[in-house]
Amino acid sequence: MDVQILPNWGKRLGLFVFFISLFFVAGDGFLDGFNDSPDGKHHYFEDLLGTTLFYFVNVLPVIGLLIYMLSKEKVEDDFIRLIRLQSYQTTVIILLIIALAIYLFDVYYEVSLDMVLSLFMILFLVIFYFKKEAHS
């Protein structure tokens, strides 16, 4: 089964969406720290974009990473598919270990879904990159 549904130019599109939306998502926290207001009371980009649009912008980094992940490599062969599968498996095992460790130390610890999705995708991309470079 071939899951990659986007051509190689999707990688550039995914990175563009990720970094542009990350600027807005992380901007409020960065500006609070820059203006020496660590309590997070100021919402510069949320006030600029409006609440509804800002919530949509919060989802865009995950969508950008998903577009990047679903895009083909320049040379898409069986070996790349094997590395991709191994990277998915390794990522799932690592996240299960992290989840178990969090549960063992603090049963009531709450994690948002976007944090888990972002961690999964970034961890997958890092593992995939290093596995691909190791076999090049």
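Before going into details, it helps to say that this report is about the structure given with it. The structure displayed is predicted, hence computed values, not measured ones.

Scoring rules and cut-offs
- Residues numbered from 1 in each chain as written.
- Predicted model: local features only at pLDDT ≥ 70, side-chain atom pairs only at ≥ 80, totals over all residues.
- Heavy atoms only, no water.
- Helix = DSSP H or I, 4+ residues; strand = E, 2+ residues; numbered from the N terminus.
- Buried < 20%, exposed > 50% of the residue type's maximum accessible area, 1.4 Å probe, protein only.
- Contact = heavy atoms within 4.5 Å.
- Areas by Shrake-Rupley, 256 points an atom, 1.4 Å probe, with all protein chains shown as cover.
- Axes fitted to C-alpha atoms, helices over the stretch in contact; angles between N-to-C directions.
- Parallel < 35°, antiparallel > 145°, perpendicular 65-115°, else oblique.
- Left-handed = near helix turned anticlockwise from the far one by under 90°.
- Nonpolar A, V, L, I, M, F, W, Y, C, P; charged D, E, K, R; others polar.
- Phe/Tyr/Trp six-rings, centres within 6.5 Å; stacked < 30°, edge-to-face > 60°.
- Lys NZ or Arg CZ within 6 Å of the ring centre and 35° of its normal.
- Core = buried A, V, L, I, M, F, W, Y, C linked by side-chain atoms within 4.5 Å.

Okay, the overall build of the protein next. Helices and strands together make up the secondary structure of the protein, namely five helices and zero strands. Ordered by position in the sequence, the α and β elements of the protein form the string α-α-α-α-α. Among the 136 residues that make up the protein, the fraction classed as buried is 28%. Sequence separation of at least 24 residues holds for 78% of the intrachain contacts in the protein that already meet a minimum separation of 6. Within the structure as shown, the protein displays about 9,600 Å² of accessible surface, and the carbon and sulfur contribution to it stands at 71%.

Time to look at the packing of helix α4 (residues 78–105) against helix α5 (residues 113–134). Contact geometry for α4 and α5: axes closest at 9 Å, N-to-C directions at 135°. By the angle between their axes, α4 is oblique relative to α5. Regarding α4 and α5, the two cross each other, and that crossing is right-handed. Contact residues: α4 offers I80, I83, R84, Q86, S87, Y88, T90, T91, V92, I94 and L95, while α5 offers L119, F120, L123, F124, I127, F128, K131 and K132. Along the lines of polarity and charge, the residues of the contact of α4 with α5 split into 12 nonpolar, four polar and three charged.

In this section: the packing of aromatic side chains. The geometry of an aromatic ring pair comes down to the distance between the two centres and the angle between the two planes. Taken as a whole and assessed by the stated rule, the structure comprises five aromatic pairs. On the basis of an interplanar angle of 70° and a centroid distance of 5.1 Å, the ring pair of F18 and F19 is categorised as edge-to-face. Given a relative accessible area of 13%, F18 falls into the buried group. A centroid spacing of 5.3 Å and a plane angle of 70° characterise the contact between Y129 and F130, whose relative ring orientation is edge-to-face. The residue whose ring lies beneath K11 is Y68, and the NZ or CZ to ring-centre distance is 4.2 Å.

Here helix α3 (residues 51–69) crosses α5 at 30°, and the two axes come no closer than 10 Å. Considering their axes alone, α3 and α5 lie roughly parallel with respect to each other. In terms of crossing hand, the pair formed by α3 and α5 is left-handed. When α3 is examined against α5, the residues V62, L65, L66, Y68 and M69 are found in contact with a partner set consisting of D114, L117, S118, F120, M121, I122, F124 and L125. Residues of the contact of α3 with α5, tallied by class, amount to 11 nonpolar, one polar and one charged.

Core analysis: the largest hydrophobic core is formed by 10 residues, namely F18, V62, L65, M69, I80, I83, M121, F124, L125 and F128. Every element with two or more residues in this core is listed here: α3, α4 and α5. By residue number, the principal contributor to this core is α5, which donates four residues.

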